[in-house]
Amino acid sequence: MRLTDRTDYALRALMVLAASGRRHTVPTLAEAFEVSANHLTKVVQGLQSEGWVTTTPGRGGGVELAVAPTAITVGQVVRAMEPDLHLVE
């Protein structure tokens, strides 16, 4: 199976949020992952629509986990983020 960058960044963002246990801003995460903040914003919106993260706008805002880290599996994230789950050689 070949995963898209969207899934890669979603997994990375969830791991950082789970490991730190605190709120992070999208620009800070984007800089750490060396990806555009606009692209990461779309990824975070996908995570938010699944109910895994919450976002707080404005000064002091950011992204944080909405559920316990143990409530999220890699398989759930892959299925939610991948448009098509085609197997490749």
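The structure presented is a predicted model; accordingly, all values stated were derived computationally and were not measured. (Residues numbered from 1 in each chain as written. Predicted model: local features only at pLDDT ≥ 70, side-chain atom pairs only at ≥ 80, totals over all residues. Heavy atoms only, no water.)

(A) Representation of the packing of aromatic side chains in the model. Evaluated as defined, the whole model comprises 1 aromatic pair. Plain terms: the ring middles of Tyr9 and Phe33 are 6.5 Å apart, the flat faces sit at 10° to each other, and that makes the pair stacked. On the criterion of sequence distance, the pair formed by Tyr9 in helix α1 (residues 5–20) and Phe33 in helix α2 (residues 26–33) is long-range, its members being 24 residues apart. Accessibility assignment for this pair places Tyr9 and Phe33 in one class, buried. Seen from the ring of Phe33, Arg12 lies directly overhead, with NZ or CZ sitting 5.7 Å from the centre. (Phe/Tyr/Trp six-rings, centres within 6.5 Å; stacked < 30°, edge-to-face > 60°. Helix = DSSP H or I, 4+ residues; strand = E, 2+ residues; numbered from the N terminus. Buried < 20%, exposed > 50% of the residue type's maximum accessible area, 1.4 Å probe, protein only. Lys NZ or Arg CZ within 6 Å of the ring centre and 35° of its normal.)

(B) Unusual backbone geometry, seen in detail. Phi at Glu34 is positive, roughly 55°, even though this residue is not glycine. Inspection of the secondary structure assignment puts Glu34 in the loop between α2 and α3 (37–49). Assessed through its relative accessible area of 73%, Glu34 is described here as exposed.

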